[in-house]
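Working through the structure, step by step
The residues making up each chain are set out below.
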Amino acid sequence: MNITEFVQELAKININPTEEQLEALEIYKNILLEYNQKFNLTAIKTDSEIYLKHFYDSLTITKEIDLKSNLKLLDIGTGAGFPGLVLKIFFPNLEITLLDSNNKKISFLETVIKRLNLQDITCLHGRAEELGSKYFEYFDIITSRAVAHLRILAELSLPYLSLNGYFIPLKGNVTNELEESESTIKALGGKLVNINEFMLPIENSARTIIKITKIQSTPENYPRPYDKILHHPIK
Ligand code: SAH
């Protein structure tokens, strides 16, 4: 996907980038390529792949949620900033927290944020299940791309989601994940709102955006330690 195709595809999902936003993405991409030579942050290494599989793909979340108001958004396992940092560039009004357990990724993110002079964006180095009570039911939107099975993700995120907020994981193909996650979602106060399946343009690979809201407060003993989450599914 070249930049012309990127802009054309974004127009189809009602996003019209400014020159400044396109410039910011170029800078972001260049720092990513530079860091990648040292740290191998992502397997995606060409300009056109970065525009399609990172930048465009991150923005597809807008198919499911209007991001124009001042919402507090948490991106769990953001890696090199997908989707959270891309969303900040397009929706500067968002108050964003980028969380990752890998410190190399956090220092990369801090470099990009400083270079782009972004405000109201925080990087946290740590594990989602250990975020702590400070963030209990704190965020309006929680997202996460390519991090874990939905059942695991639901427990890593729903405790930090405010009542009536939205948890919106971005996934590839989901087969049995939803069924396998039903009881966890319910136990933590969540409710499935929508499943949006589509193809990524150009390479036509499957994408699924799952939209979950919170209709009841999560019991305060969640999330449990990771080992429990992994080996003792909620029945
Ligand atoms: N969202 C990015 C990165 C996906 S790779 C993208 O789509 O490109 C998964 C990332 O999740 C890794 O960077 C890993 O360090 C992080 N991660 C995995 N489990 C985590 C946890 N429990 N808490 C915080 N980060 C986690």
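Now for a description of the structure that goes with this document. Please read these numbers as outputs of a predicted model, since none were measured by experiment.

Rules behind the numbers
Residues numbered from 1 in each chain as written. Predicted model: local features only at pLDDT ≥ 70, side-chain atom pairs only at ≥ 80, totals over all residues. Heavy atoms only, no water. Pairing = 2+ DSSP bridges. Helix = DSSP H or I, 4+ residues; strand = E, 2+ residues; numbered from the N terminus. Axes fitted to C-alpha atoms, helices over the stretch in contact; angles between N-to-C directions. Contact = heavy atoms within 4.5 Å. Near = heavy atom within 4 Å. Polar contact = N/O pair within 3.5 Å; in protein donor to acceptor, adjacent residues only side chain to side chain. Areas by Shrake-Rupley, 256 points an atom, 1.4 Å probe, with all protein chains shown as cover. Buried < 20%, exposed > 50% of the residue type's maximum accessible area, 1.4 Å probe, protein only. Phe/Tyr/Trp six-rings, centres within 6.5 Å; stacked < 30°, edge-to-face > 60°. Parallel < 35°, antiparallel > 145°, perpendicular 65-115°, else oblique. Left-handed = near helix turned anticlockwise from the far one by under 90°. Nonpolar A, V, L, I, M, F, W, Y, C, P; charged D, E, K, R; others polar.

1. Notes on the sheet that holds strand E1 (residues 72-76)
In space, the 7 strands of this open sheet follow the order E3-E2-E1-E4-E5-E7-E6, with mixed pairing throughout. Here the strands that pair on one side only, and so sit at the sheet edges, are strand E3 (121-125) and strand E6 (190-199). Looking at each pair of strands side by side, their axes are set apart by 15 degrees on average, direction ignored. With 5 bridges connecting them, strand E2 (residues 95-100) and E3 associate as parallel partners. Paired with Leu98 across the two strands is Cys123, which belongs to E3. Most of the contacts of helix H3 (residues 47-59) go to strand E4 (residues 139-145), to which it runs at about 150 degrees, and overall it touches E4, strand E5 (161-171) and strand E7 (206-214). Relative to the sheet, helix H7 (residues 177-187) contacts E5, E6 and E7, its axis offset from that of E6 by approximately 155 degrees.

2. Some words on the site of the ligand
The full set close to the ligand counts 16 residues, and Gly77, Phe82, Asp100, Ala128 and Arg145 are the nearest of them. At a separation of 2.8 Å, a nitrogen atom of the ligand approaches a polar backbone atom of Gly77. Phe82 places a polar main-chain atom, nitrogen or oxygen, 2.8 Å from a nitrogen atom of the ligand. Relative to its free-state accessible area of 570 Å², the ligand is covered by the protein chains to the extent of 81%.

3. Structural notes on unusual backbone geometry
A cis amide bond links Phe82 with the next residue in sequence, Pro83, at an omega value of 5 degrees. Turning to its location among the elements, Pro83 is positioned in the loop between E1 and helix H4 (84-90). A cis amide bond, omega 0 degrees, links Tyr222 with the succeeding residue Pro223. Following the sequence through the fold, Pro223 ends up in the loop between E7 and helix H8 (226-231). Although it is not a glycine, Asn40 adopts a positive phi angle of roughly 50 degrees. Looking at the element boundaries, Asn40 is found in the loop between helix H2 (19-39) and H3. In the Ramachandran plot, Asn117 falls in the positive-phi region, its phi being about 55 degrees despite a non-glycine side chain. Mapping Asn117 onto the fold places it in the loop between helix H5 (103-116) and E3. On the accessibility criterion, Asn117 (57% relative accessible area) is exposed.

4. Topic: the packing of aromatic side chains
The description of two aromatic rings rests on the distance between their centres and on the angle between their planes. Throughout the structure, instances matching the rule amount to 11 aromatic pairs. The interplanar angle of 40 degrees and the centroid separation of 5.3 Å between the aromatic rings of Tyr28 and Phe55 together place this pair among those described as tilted. Here Tyr28, found in helix H2, pairs with Phe55, found in helix H3; they are 27 residues apart in sequence, far enough to count as distant. Residue class for Tyr28 comes out buried when judged on its relative accessible area of 0%. Both rings, one in Phe55 and one in Phe82, keep their centres 6.2 Å apart while their planes meet at 55 degrees; by these two values the pair is tilted.

5. Here we look at the packing of helix H1 (residues 3-12) against H3
Running from N to C, H1 and H3 cross one another at 20 degrees; their axes reach a closest spacing of 11 Å. It follows from the interaxial angle that H1 and H3 lie roughly parallel. As for the relative orientation of H1 and H3, their crossing is right-handed in sense. Note on element contacts: H3 touches H1 through Tyr51, Phe55, Tyr56 and Leu59, opposite Ile3, Phe6, Glu9 and Leu10. Counted by class, the contact of H1 with H3 contains 7 nonpolar, no polar and 1 charged residues.

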